[in-house]
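Descriptive analysis of the structure
As a plain string of letters, each chain reads:
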Amino acid sequence: MASLTSVTLVLISALLLFVSPVLSTENTTHPLTSGSTNYTSIAIVGVVFCRSCKFRGYVKSMDASPITGAVVRVTCYYTSRKPVSMAITTGRNGYFSLVWPNVAKFSQKKCRAYLSWSPYSFCKMPIYQNGSISAPLKFDSVQNVTYGPQAVYSSGVLLYGATANNTLCHVP
């Protein structure tokens, strides 16, 4: 079962790279600073699912369904200044792609992804690995876009769990 879930996560990550141009994106002019980079922008991608709920897009191997309209927040913590934080709403099939243009410096170790809001009252309990309250960003690839190289980082699959009142969890 674990290897099937791993395969599913790899497939979803690969799908994110191919569909990222059609995902909902949000740009900001907030500069990120920390480690030097040769990238003109940073893209942070991921997907949000509701575990144990069966509705449109249900993935049996994960026992989860994608959530359209969930809010994900990415925050970068720097010691010399206030944290930089941006939020984005997931698009179709739970995918999100947040783009920070004009990046001079960036450190993935100082940035985390958080589940901020679920549109479903019956699925709003964040589930993170290792007891954490956020997800780390992992380097995925470099894409050449019209304005220069763009580093792509992934938060991976972010999960909400069903609440005690999950009778609405099996909407077709």
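Use the structure listed above.
If you're wondering where the values come from, they're calculated on a predicted model, not measured in any experiment.

Structural notes on the overall build of the chain
A tally of regular secondary structure across the chain gives one helix and 11 strands. Of the regular secondary structure in the chain, the N- to C-terminal order runs α-β-β-β-β-β-β-β-β-β-β-β. Partitioning the contacts of the chain with sequence separation of at least 6, the portion at a separation of at least 24 is 72%. Working note: accessible area of the chain is about 9200 Å², and carbon and sulfur atoms make up 57% of it.

A word on the state of the cysteines
Applying the stated rule across the entire model yields two disulfides. Here Cys50 connects covalently by a disulfide to Cys123, the sulfurs 1.8 Å from one another. An S-S torsion of about 115° defines the bridge between Cys50 and Cys123 as right-handed. Of this pair, Cys50 sits in strand 2 (residues 41–51) while Cys123 sits in strand 8 (residues 123–127), and the two are 73 residues apart along the sequence. A sulfur-sulfur separation of 1.9 Å characterises the disulfide bridge that pairs Cys76 with Cys111. Negative torsions about the S-S bond denote left-handed disulfides, and the value of about 110° found for Cys76 with Cys111 makes this one right-handed. Highlighted residues: Cys76 in strand 4 (residues 71–76) and Cys111 in strand 7 (residues 111–117), separated in sequence by 35 residues.

Conventions used here
Residues numbered from 1 in each chain as written. Predicted model: local features only at pLDDT ≥ 70, side-chain atom pairs only at ≥ 80, totals over all residues. Heavy atoms only, no water. Helix = DSSP H or I, 4+ residues; strand = E, 2+ residues; numbered from the N terminus. Contact = heavy atoms within 4.5 Å. Areas by Shrake-Rupley, 256 points an atom, 1.4 Å probe, with all protein chains shown as cover. Disulfide = S-S within 2.5 Å.

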